[in-house]
Amino acid sequence: MANPTAADILGRVTLVTGPEECTWGFLDLTGLLGRGVVSVMPTWTNAIQWEGRRHRETYLEYRQLIQLLLWRNPVPPGGVLVLKSPADTDRIDTFAEVFPEASFVLTHRDPFRCLTSVVRVGEIINGPFLKPDRSVVGTEGAVPTSTRMLSGGARAMVSATNDIPERVRSIDYTALMTDPAGTLSTVLESLSIPVDAQKVHAEVAAFLAGQRSGKRAKPPVEYSDYGIDHEGLLAEADFAAYRQAFGVSLEGKRLTDPAT
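Since this is a predicted model, take the numbers as computed values, not measurements. (Residues numbered from 1 in each chain as written. Predicted model: local features only at pLDDT ≥ 70, side-chain atom pairs only at ≥ 80, totals over all residues. Heavy atoms only, no water.)

Student: Describe the confidence of the model for the protein, naming the residues involved and giving the relevant values.
Tutor: Chain-level statistics for the protein give a pLDDT mean of 83 and a share of 82% at 70 or above. When mean pLDDT is compared element by element in the protein, helix α12 (residues 237–246) scores highest at 97, while helix α1 (residues 6–11) scores lowest at 52. (pLDDT = per-residue confidence, 0-100. Helix = DSSP H or I, 4+ residues; strand = E, 2+ residues; numbered from the N terminus.)

Okay, structure coming up:
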């Protein structure tokens, strides 16, 4: 189509009705795809300097993008704007500075399960770009790089809870999987957001039913452990402090589906 009209473009827009990563709004490659290759591209990693960057410029630009979107699509009365971006957990302090009106809901999970999941995501993102005889796991530094990123996130969550406790709410992953609707209602109420418990339960049930019917690929029951020592990982200083701060439940068997 040489010169698409506004109607043509809008006709191809898909309405988002479920969770989506907000990193797609980060235009300077510090989001999911830009940082997703750090385990296999050390030169790129050094170039974007993701280790230690504050990302203030990223979030200032992101704020402008959100303001532009809300200009034509304002949040309805009584509604809230939810931004989902686990990749930015280690930048909570900067995000809080740029978005002073934001509250943070942190979901806490066994670091071992988080790490194996991150490495698996790395396989999915990087796999198509690697030679047939190479793999993400086989690339030097894949697990250490992901571990370092998660360590930063663990430190950031502890710091945010201490520095801005009035803006932070915590959820245990096991509790979320056991009672997703009840846990969500409790968090919303703690943030002084009006809650219709019956509506929340109905919408969560409908969402899960859609996911289970094929809207999302069924997750594997188990990921590879990638040679990671579960107990040894949890004994590392950052993860030990994280578990102590939030009472994180150990996940001996990987939880993949919320209880009905």
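Student: Explain unusual backbone geometry residue by residue, including any values.
Tutor: Unusually for a residue other than glycine, S192 sits at a positive phi of about 60°. Structurally, the position occupied by S192 is in the loop between α9 (180–190) and α10 (197–215). For Y226, which is not a glycine, the phi torsion comes out positive at approximately 50°.

Student: Please set out the pattern of salt bridges residue by residue, giving values where relevant.
Tutor: With the rule as written, the count across this model stands at seven salt bridges. The residue D90 makes a salt bridge to R91 at a minimum N-O spacing of 3.5 Å. Taken as a pair, D90 and R91 share a single burial class, namely buried. A salt bridge links E123 to R120, with the nearest nitrogen and oxygen atoms 3.2 Å apart. Taken together, the residues E123 and R120, both in helix α6 (residues 111–126) and three residues apart, mark about one turn of the helix. The class of E123 is partly exposed, set by a relative accessible area of 22%. (Salt bridge = Lys/Arg side-chain N within 4 Å of Asp/Glu carboxyl O. Buried < 20%, exposed > 50% of the residue type's maximum accessible area, 1.4 Å probe, protein only.)

Student: I'd love a proper account of the packing of aromatic side chains, names of residues and values included.
Tutor: By the definition in use, this model includes five aromatic pairs. A centroid spacing of 5.1 Å and a plane angle of 70° characterise the contact between Y59 and F95, whose relative ring orientation is edge-to-face. Of this pair, Y59 sits in helix α4 (residues 56–72) while F95 sits in helix α5 (residues 92–98), and the two are 36 residues apart along the sequence. Residue classification places Y59 among the buried residues on the basis of a relative accessible area of 0%. Between F95 and F104, the aromatic rings sit 6.0 Å apart at their centres with planes inclined by 80°, giving edge-to-face as the arrangement. For the pair F95 and F104, one class covers both residues: buried. By way of ring pairs, the aromatic residues Y59, Y62, F95, F99 and F104 are connected into one cluster. Residue placement shows R72 over the ring face of W71; its charged tip is 5.5 Å from the ring centre. In this arrangement the basic side chain of R109 is found over the ring face of Y173, its NZ or CZ atom lying 4.0 Å from the centre. (Phe/Tyr/Trp six-rings, centres within 6.5 Å; stacked < 30°, edge-to-face > 60°. Lys NZ or Arg CZ within 6 Å of the ring centre and 35° of its normal.)

Student: Can you break down α10 residue by residue, with the values?
Tutor: Those residues of α10 not exposed but buried are V200, V204, L208 and G210. Summarising the axial view, the buried residues of α10 lie within an arc of 155°, below the 170-degree limit, and thus occupy one face. Those residues of α10 that are exposed and aimed more than 90 degrees away from the buried face are Q198, S213 and G214. (Arc of directions from axis to C-beta.)

Student: An account of the packing of α6 against helix α7 (residues 142–163) is requested, with residue identities and associated values reported.
Tutor: It is the contact of α6 with α7, at a shortest axis distance of 10 Å, that shows an interaxial angle of 125°. It follows from the interaxial angle that α6 and α7 lie oblique. Crossing of α6 over α7 shows right-handed handedness. Of α7, the residues touching α6 (which contributes P111, C114, L115, V118 and V119) are V143, S146, T147, M149 and L150. Across the contact of α6 with α7, the residue classes tally to eight nonpolar, two polar and no charged. (Axes fitted to C-alpha atoms, helices over the stretch in contact; angles between N-to-C directions. Parallel < 35°, antiparallel > 145°, perpendicular 65-115°, else oblique. Left-handed = near helix turned anticlockwise from the far one by under 90°. Contact = heavy atoms within 4.5 Å. Nonpolar A, V, L, I, M, F, W, Y, C, P; charged D, E, K, R; others polar.)

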